[in-house]
Amino acid sequence: MAIIHRTTMDPGKLELLAAWLPERPWYTASGRPPELLRSGGFRLDDPQGEVGIEFMAVTDASGGRPISYHVPVTYRGAPLEGAGAGLIGTSEHGVLGLRWVYDGAHDPVCVARLLDLFQGRAQAQHQSLSDVPEPAVSTRYDGPEIADFPLSQAPEVTEDAGGTRVLLPGGARLGLTRVLRENADPSGVVAEWTAPDGVAHRGTFASLDLTGA
């Protein structure tokens, strides 16, 4: 069970993401620095209790039309070998000390736990409360069992304007939605986010592509 500490981070999560997002190929530039707002998300527990895993929805309100993004984030007490391309930054946590913050696509613990969520071996947790399930997250997957992702292996990640993909054992790919859009009939890992006007939306955060398996 992950313990959610009521404390500060310096720099804060949104500050880290505001500096990191413009360099991503799937970011839609507004011509201004990002103005990020928290929009929703959920967490997954690391069974070893070492890695914080958060699936953040943030909305950039810097342009004429707010755009919401999905960023899975992991928090570690030491650098993750082989994951330098996924480093978002470092931050001083008020309780845990210096934390290394990674894009979860590059963290094998995040990838492994997301696969567990797909296959019913993990339960989504509330974003800001300890030991509280998040019922708004649902999973629709009826394919074959996917092998566990090796925790000692740095994920092979590709990304473009369409989002991010992680190569899985056997050739399947884990797809991470980056620009969030409401789906009439969402599949995969489905969660909610709230627009700046207070309207709640629901759509796919992650999917599995088995065509290469």
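The structure under discussion appears in the preceding block.
Residues numbered from 1 in each chain as written. Predicted model: local features only at pLDDT ≥ 70, side-chain atom pairs only at ≥ 80, totals over all residues. Heavy atoms only, no water.

## Here we look at the packing of aromatic side chains
Right, so step 1: Under the criterion given, the structure shown has seven aromatic pairs.
Right, so step 2: Here Trp20 and Trp26 contribute two aromatic rings whose centre-to-centre distance is 6.0 Å and whose plane-to-plane angle is 65 degrees, an arrangement assigned as edge-to-face.
Right, so step 3: Note on Trp20: relative accessible area 7%, which makes it buried.
Right, so step 4: The class of Trp26 is buried, set by a relative accessible area of 2%.
Right, so step 5: Ring pairing ties together the aromatic residues Trp20, Trp26, Tyr27 and Tyr69, which thus form one cluster. (Phe/Tyr/Trp six-rings, centres within 6.5 Å; stacked < 30°, edge-to-face > 60°. Buried < 20%, exposed > 50% of the residue type's maximum accessible area, 1.4 Å probe, protein only.)

## Points about the pattern of salt bridges
Right, so step 1: Taken as a whole, this structure holds 11 salt bridges when the rule is applied.
Right, so step 2: With a shortest N-O distance of 2.8 Å, Arg121 and Asp116 are connected by a salt bridge.
Right, so step 3: Using a relative accessible area of 13% as the deciding quantity, one classes Asp116 as buried.
Right, so step 4: A salt bridge links Arg121 to Glu145; the shortest N-O distance between them is 3.9 Å. Residue Arg121 is located in the loop between α2 (108–118) and β7 (138–140), and its partner Glu145 is located in the loop between β7 and β8 (156–160); the two are separated by 24 residues in the primary sequence.
Right, so step 5: Exposure remark for Arg121: the relative accessible area of 37% places this residue in the partly exposed category.
Right, so step 6: Among the residues examined, Glu145 registers a relative accessible area of 66% and is labelled exposed. (Salt bridge = Lys/Arg side-chain N within 4 Å of Asp/Glu carboxyl O. Helix = DSSP H or I, 4+ residues; strand = E, 2+ residues; numbered from the N terminus.)

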